[in-house]
Amino acid sequence: PYTTLFRSDQKVANSRLSRAALALGLDRYIVTKTFTARKWSPPYIQEILEAASSPEKRTLSTKVLADVVEALIGGAFLDRGFEAAATCISRFLPEMPITTPLHIFAKGVDAEAGFAPTTLLANSHLSDVERLIGYQFKNRCYLLEAITHPSCEHDAHTSSYQRLEFIGDATLDMIVVSFMVDNAPELSHGQMHLTKTAVVNAGFLAYLCMDASLEQVITDVSLSPDHYSTGFTEVHSSKPVHLCQLMRHHHPEINSAMSSCLERYHKLQPAIASAIDHSREYPWVLLTRLAPAKFLSDIVESIIGAVLIDSGGDLATCTKVAEHLGLIAYLRRILNEDIDILHPKNKLGEISSGRTVEYKLGKEEQEHTCTVEVGGAAIVTVSHGISQEEVMTQAAYMAAELLG
């Protein structure tokens, strides 16, 4: 089943969807002319007969045909839910039968992967993950896969999270789009795209992965302070454990990357949390300063994918997990309070009024620099960045502030 998923890009490409539209005769129903009521008059029977005998030829791009197919599938989903959308997909793509609910698909995964019992990890480890995401798995094999990094290649019993990440990525899109349709149906296509990008981008997901934490109790044994006794005493303490630290991996570089990311997180967390709770602007600059490793956002996506399969395709359950992690809360605030979510680079492009915007990148030892030029004139220079994305975003933000 996962192999089919990885080939899905070819099966839902514009060329394939447009062929499906033509095969079903959908093209004849696509409206391409603007309706003007003042000039409209009912057609005569003779005109209808002539049009049927010699239909008017017109040119439609493969993208238009594919867009209409996708729109029909989206309309079916909004009108009747997942099963109606699956029926619509099967009509256009009969070679891709979609079975609901997903527990049938899940059984195939379990049998194919040949999972070992979850006793490979302490039950407390998996329980910690469940506490952090607010969901208890029926089959912990999916959770084990969801937190297994590809570096665990020697483990012949458990696949890495890459397959579940693929599913989770699409599931997050469904969660966010469904929430927007239910709570802000007036949003335009462009606003929906910007909003979705704001809450499912790698920087924000990585922040959520590091922000999810719990206190783990530690018990040590030490010699009794009584010099006349040879007994031992238990010493109890606790330490914070972040969701990302519960990932299974076997590569020393991951520990180093994890430590660096968490160090930056601890420095930036108060400012990011404040922006998420109170600012009228999305914290693009702060999130790029995190410079998170890719596995941080991967883990969130893979866990969402695992929940989807374990729950038998229940999107509402996945939404609750996203709510528990803080994603839905911020999405709700973005919609309710009209938060400015436009990326600084896009904002600068709008402010520049047609003038050419260029980003001159450089590197001084291990630090990145960026100079923004608008219409050939240097506006601002940013240095001491740990990534190109950070200095470009910060420079664009500062330039937009100066020109705005």
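Residues numbered from 1 in each chain as written. Predicted model: local features only at pLDDT ≥ 70, side-chain atom pairs only at ≥ 80, totals over all residues. Heavy atoms only, no water.

## Section: helix α13 (residues 252-278)
- Helix length check: α13, at 27 residues, gives a terminal C-alpha distance of 38 Å against a target of 39 Å (1.5 Å per residue), a fit within 8%.
- Of all the bends in α13, the greatest reaches close to 55° and is centred on L268; the proline P270 follows between one and four positions later.
- Along α13, the residues classified as buried are I254, M258, C261, L262, Y265, L268, I272, A273, A275 and I276. (Helix = DSSP H or I, 4+ residues; strand = E, 2+ residues; numbered from the N terminus. Expected span 1.5 Å × (residues − 1). Bend = angle between axes of the 7 residues up to and from the residue. Buried < 20%, exposed > 50% of the residue type's maximum accessible area, 1.4 Å probe, protein only.)

## Re the packing of helix α12 (residues 202-211) against α13
- Their axes nearest at 10 Å, the elements α12 and α13 cross at an angle of 105°. Taken together, the axis directions place α12 and α13 in an arrangement best described as roughly perpendicular. Contacts from F204, Y207, M210 and D211 of α12 reach α13 at C261, L262, Y265, Q269, I272, A273 and I276.
- For the contact of α12 with α13, a count of residues per class yields nine nonpolar, one polar and one charged. (Axes fitted to C-alpha atoms, helices over the stretch in contact; angles between N-to-C directions. Parallel < 35°, antiparallel > 145°, perpendicular 65-115°, else oblique. Contact = heavy atoms within 4.5 Å. Nonpolar A, V, L, I, M, F, W, Y, C, P; charged D, E, K, R; others polar.)

## Looking at the pairing of strand β4 (residues 367-374)
- Counting buried positions over the eight residues of β4 gives seven, a clear majority of the element.
- Examined bridge by bridge, strand β3 (residues 357-364) and β4 share eight bridges and lie antiparallel to one another. Across the sheet, the residue bridging to K360 is T371, located in β4.
- If you look at the hairpin formed by β3 and β4, you'll find two residues sitting between the two strands, and E365 has a positive phi there, around 55°.
- Here β4 pairs with strand β5 (residues 377-385) via six bridges, running antiparallel. Across the sheet, H368 pairs through a bridge with G385, a residue of β5.
- Between β4 and the antiparallel strand that follows it, β5, lie two residues; G375 among them carries a positive phi value of about 65°. (Pairing = 2+ DSSP bridges.)

## Observations regarding the sheet that holds β3
- Strand order in the open sheet formed by three strands is β3-β4-β5, with antiparallel pairing between adjacent strands. Every other strand in the sheet has two partners, leaving β3 and β5 as the edge strands with one partner each. Neighbouring strand axes in the sheet, compared pairwise and without regard to direction, differ in orientation by 15° on average.
- This element, helix α19 (residues 388-403), spans β3, β4 and β5 of the sheet and lies at about 140° to β5.

## Considering the packing of helix α3 (residues 14-23) against helix α5 (residues 62-80)
- The geometry of α3 relative to α5 is characterised by a closest axis approach of 8 Å and an angle of 75° between their N-to-C directions. As summarised for this structure, α3 and α5 are arranged roughly perpendicular, according to the angle between their axes. Residues N14, L17, S18, A21 and L22 of α3 lie in contact with α5, whose contacting residues are T62, K63, L65, A66, V69 and E70.
- Broken down by class, the residue content of the contact of α3 with α5 amounts to six nonpolar, three polar and two charged.

## Notes on the packing of aromatic side chains
- Inspection of every chain in the model, using the stated rule, returns six aromatic pairs.
- With 5.0 Å between their ring centres and 80° between their planes, Y135 and F137 make a pair best called edge-to-face. Like Y135, the residue F137 is buried in the burial classification.
- Consider the rings of Y207 and Y265, whose centres lie 6.0 Å apart with planes at 50°: the pair is tilted. Here Y207 is found in helix α12, whereas its partner Y265 is found in helix α13, with 58 residues between them in sequence. Per residue, the accessibility class of Y207 equals that of Y265, and both read buried.
- Following the ring pairs from residue to residue traces out a cluster consisting of F204, Y282, W284 and Y330. (Phe/Tyr/Trp six-rings, centres within 6.5 Å; stacked < 30°, edge-to-face > 60°.)

## As for the confidence of the model for the protein
- On average, residues of the protein score 85 in pLDDT, and 83% of them reach the 70 mark or higher.
- Here residues 1-7 is a poorly scored stretch, pLDDT under 50, and it has 17 contacts once near neighbours within four places are set aside; other chains count.
- In this model residues 101-120 is a low-confidence stretch, pLDDT under 50, and it forms 42 contacts with partners more than four residues away in sequence or in other chains. (pLDDT = per-residue confidence, 0-100.)

## Quick notes on the pattern of salt bridges
- By the definition in use, this model includes 15 salt bridges.
- Of the charged contacts, one joins R80 and D79 as a salt bridge, the two residues approaching to 3.3 Å between their closest N and O atoms.
- On the basis of relative accessibility, which here comes to 67%, the residue R80 falls in the exposed class.
- For D79, a relative accessible area of 57% puts it in the exposed group.
- Residue D128 is joined to R131 by a salt bridge in which the shortest nitrogen-to-oxygen separation is 3.4 Å. (Salt bridge = Lys/Arg side-chain N within 4 Å of Asp/Glu carboxyl O.)

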